[in-house]
Amino acid sequence: MLSSLALVLSYFLIISSNTSAAPNLVPAAGQSIPLIRRAQPERTVADWEIWAKNEREVLTAKYGGNTEKRSSTGTNLLTNQNADSSYFGTVAIGTPAVSFNVILDTGSSDLWVADQACTTGCSKVQLFNDLSSSTFHNLSQPFNIEYGSGAATGSLGQDVVQMAGFSVPNQIFGVVTQATSGLLNPPVSGLLGLAWLSIATSKAVPFWQTLASSGAWSDPVMAFQLTRFVNASNSNAEEPGGSFTMGFVNSSLYTGTIDYQAISSQSYWILPMTSLTVQGSSITIPSGSSSNSAIDTGTTLVGGPSSAIQNIFAQIPGSQPGTGNWQGYWTYPCSTAVNVAISFGGPSWPISPADFQLTKISSSQCVGAFFELNTAGSAPNWIIGDTFLKNVYSVFRYSPAAVGFAALSDTALAMNGVNGPAPSPTIGSISASATAGTGGTNAASHRWGISWAPLVGSISIAVGAAWM
């Protein structure tokens, strides 16, 4: 066997030695094999840039580093509905994307829209058609949320949700098939909650929180500038409402610095009310946890403890408690310009007398925009709505968690009462996206637990986006 193998090897060596025109490809012991480098076309600067970027990202991922995420900013123009009763923006849902008008509500955490199968409370609004979206997933779980003056029920679904150039491809939201009459005021189809996960009825991570926590925003903030039409004599049902920004603050809309005050927990956007003045006089307000105030863009007015509201109107000569459907409200002479200012630990922020005046009920008597509110459970005692927020530039910061206020700029103030076309829903290109994580376990199905008589008549009041 060995002699046969030696014979074969000798034969191949003879052939190799007679092939003098080719290099010896069978190296002897201790020899090196030469490597031949093929000529490459000359790289351009652009080629080198792409190569360098890919090389860095590949090695970063390979060795466990964090690759940079694309961060961006976005603006959603708002619509002022029914003379400051509510402010809504637009989201786009599904594939292909369809736009929906939604109340932007920092006092709740769920996204929901009316579905094509909606049987009550959904007339004359844009309806979501889950059968038309190729990316919709029915989660087959019930959804039920209650507000101070109504409720919405349906089921949970999951789909692509877009807003102001941002996208969450797997956002969980409520697909509503029944709503209390008057809860949706056309053309509003639903609500986008902008509070924290811990109070989400759906237990789904809120749209904004997914974006902020993933680094999709250039800065971890969202901000509001709201217009005023309550005192405009010729306002239409829909007027320009200001703006909602994500990932940045619009420096043209405020002046001075933003005063940030830390929130104590990630539930509602809660700040302690530290002082309240009426006509220049400080009034007595509850302290400690009783001073907790939810900063709530989804509520029209300001609600607070009965004792504090009574103290406010005690500073206004001629004021009287309301009766009948006005129980919990107070009337006062329309000829009195009421100046109220509130502090949450920083500067004292004034409220325009025009915002303090809710409406006239006679030639001489007006109703104030501060009302007596009895909340339940762990809900905050004060609900600070748009009556206050129209007077400041408000910022909601993800990290470190805080609410900030700044004085409105002349540019922002000049928008008040100026008629114009309401913003049109648009679906733009996506500048950044983030995937929603798993939800929490703490569900809060009731909003504020408000106990009060509803308003009737021609005035629409949003209380946690529930229309009165």
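Keep in mind it's a predicted model, so treat the numbers as computed, not measured.

Visitor: Explain the sheet that holds strand β20 (residues 348-351) to me, using residue names and the numbers behind them.
Guide: Spatially, β14-β13-β19-β20 is the arrangement adopted by the four strands of the open sheet, whose pairing is antiparallel. The outermost strands of the open sheet, each flanked by one partner alone, are β14 (281-282) and β20. Alignment of strand β13 (residues 275-278) against strand β19 (residues 340-343), held across four bridges, turns out to be antiparallel. Bridged to Ser275 within β19 is Ser343.

Visitor: I'd love a proper account of the environment of Ser109, names of residues and values included.
Guide: Within the fold, Ser109 resides in the loop between β3 (98-105) and β4 (111-114). Here Ser109 is in contact with Gly193, Leu194, Ala195, Trp196, Leu197, Ile199, Ala200 and Pro206, once residues within four sequence places are set aside. A distance of 3.4 Å separates a polar atom in the side chain of Ser109 from the backbone oxygen of Ala195. In this structure the side chain of Ser109 is engaged in a polar contact, spanning 2.6 Å, whose partner is the backbone oxygen of Trp196.

Visitor: Please set out the state of the cysteines residue by residue, giving values where relevant.
Guide: Note: disulfide means a covalent bond formed between the sulfur atoms of two cysteine side chains. Evaluated as defined, the whole model comprises two disulfides. One disulfide bridge connects Cys118 with Cys122, the sulfur atoms lying 1.7 Å from each other. With the S-S bond torsion at 45°, the cross-link from Cys118 to Cys122 turns out right-handed. For the pair shown, Cys118 and Cys122 are each scored as buried. Across a sulfur-sulfur distance of 2.0 Å, Cys334 and Cys366 are joined as a disulfide pair. Across the S-S bond linking Cys334 and Cys366, the dihedral sits near 110°, which makes this disulfide right-handed. Within this pair, whereas Cys334 is found in the loop between β18 (330-333) and β19, its partner Cys366 is found in strand β22 (residues 365-368), the two being separated by 32 residues in sequence. Exposure remark for Cys334: the relative accessible area of 17% places this residue in the buried category. Described in terms of the sequence order of its bonded cysteines, the disulfide pattern of the protein is 1-2, 3-4.

Visitor: Describe the sheet that holds strand β21 (residues 357-360), listing the residues and the values that go with them.
Guide: Spatially, β17-β18-β22-β21 is the arrangement adopted by the four strands of the open sheet, whose pairing is antiparallel. Either end of the sheet is taken by a strand with one partner, and the two such strands are β17 (320-321) and β21. Pairing of β17 with β18, which is carried by two bridges, proceeds in the antiparallel orientation. Along β18, the bridge assignment pairs Gln320 with Thr331.

Visitor: So, the pattern of salt bridges: which residues are in play, and what are the values?
Guide: Inspection of the entire model under this criterion finds three salt bridges. Note that Lys390 and Asp84 form a salt bridge whose closest N and O atoms lie 2.8 Å from each other. Separated by 306 residues along the polypeptide, Lys390 in the loop between α6 (386-389) and β25 (393-397) and Asp84 in the loop between β1 (74-81) and β2 (86-93) bring together distant segments of the chain. The same class applies to Lys390 as to Asp84, namely buried. Residue Arg228 pairs with Asp355 through a salt bridge whose shortest N-O separation is 2.8 Å. With Arg228 in the loop between β9 (221-226) and β10 (238-246) and Asp355 in helix α5 (residues 353-356), this pair connects stretches of sequence that are 127 residues apart. Here Asp355 falls in the buried class, since its relative accessible area comes to 2%.

Visitor: Would you mind going over the pairing of β10 in detail, with residue names and values included?
Guide: By the criterion of burial, β10 is predominantly enclosed, with seven of the nine residues buried. Bridge count between β1 and β10: eight bridges; the pairing is antiparallel. When the bridges of β10 are listed, Gly74 appears paired with Met246.

Visitor: I'd like a rundown of the confidence of the model for the protein, residues and numbers included.
Guide: Confidence in the prediction for the protein averages 85 pLDDT; 77% of positions are at 70 or higher. The model gives residues 1-33 a pLDDT under 50, and that stretch makes two contacts with residues more than four places away or in other chains. Segment residues 441-446: pLDDT under 50, and 17 contacts once partners within four positions in sequence are set aside and those in other chains are kept.

Visitor: For the environment of Ala83, give the residues involved together with the corresponding values.
Guide: In this structure, Ala83 sits in the loop between β1 and β2. A residue is classified by how much of its surface remains accessible, and Ala83, at 26% relative accessible area, is partly exposed. For Ala83 and Ser235, which are 152 residues apart along the polypeptide, the C-alpha to C-alpha distance reads 6.7 Å. Non-local contacts of Ala83, meaning those with residues more than four positions away in its chain, are made with Phe229, Val230 and Ser235.

Visitor: Describe the pairing of β2, and please don't skip the residues or the numbers.
Guide: Among the eight residues in β2, eight count as buried, and that is most of the element. On β2, burial covers both faces: Ser86, Phe88, Thr90 and Ala92 on one face and Tyr87, Gly89, Val91 and Ile93 on the other are all buried. Note: β1 against β2, three bridges, orientation antiparallel. Bridge pairing in β2 places Thr79 opposite Phe88. In terms of strand pairing, β2 meets β3 through six bridges, oriented antiparallel. If you follow Gly89 over to β3, its bridge partner there is Val102. Count of turn residues in the β2/β3 antiparallel hairpin: four residues, of which Gly94 carries a positive phi of about 95°.

Thresholds, definitions, all that
Residues numbered from 1 in each chain as written. Predicted model: local features only at pLDDT ≥ 70, side-chain atom pairs only at ≥ 80, totals over all residues. Heavy atoms only, no water. Pairing = 2+ DSSP bridges. Helix = DSSP H or I, 4+ residues; strand = E, 2+ residues; numbered from the N terminus. Contact = heavy atoms within 4.5 Å. Polar contact = N/O pair within 3.5 Å; in protein donor to acceptor, adjacent residues only side chain to side chain. Disulfide = S-S within 2.5 Å. Buried < 20%, exposed > 50% of the residue type's maximum accessible area, 1.4 Å probe, protein only. Salt bridge = Lys/Arg side-chain N within 4 Å of Asp/Glu carboxyl O. pLDDT = per-residue confidence, 0-100.

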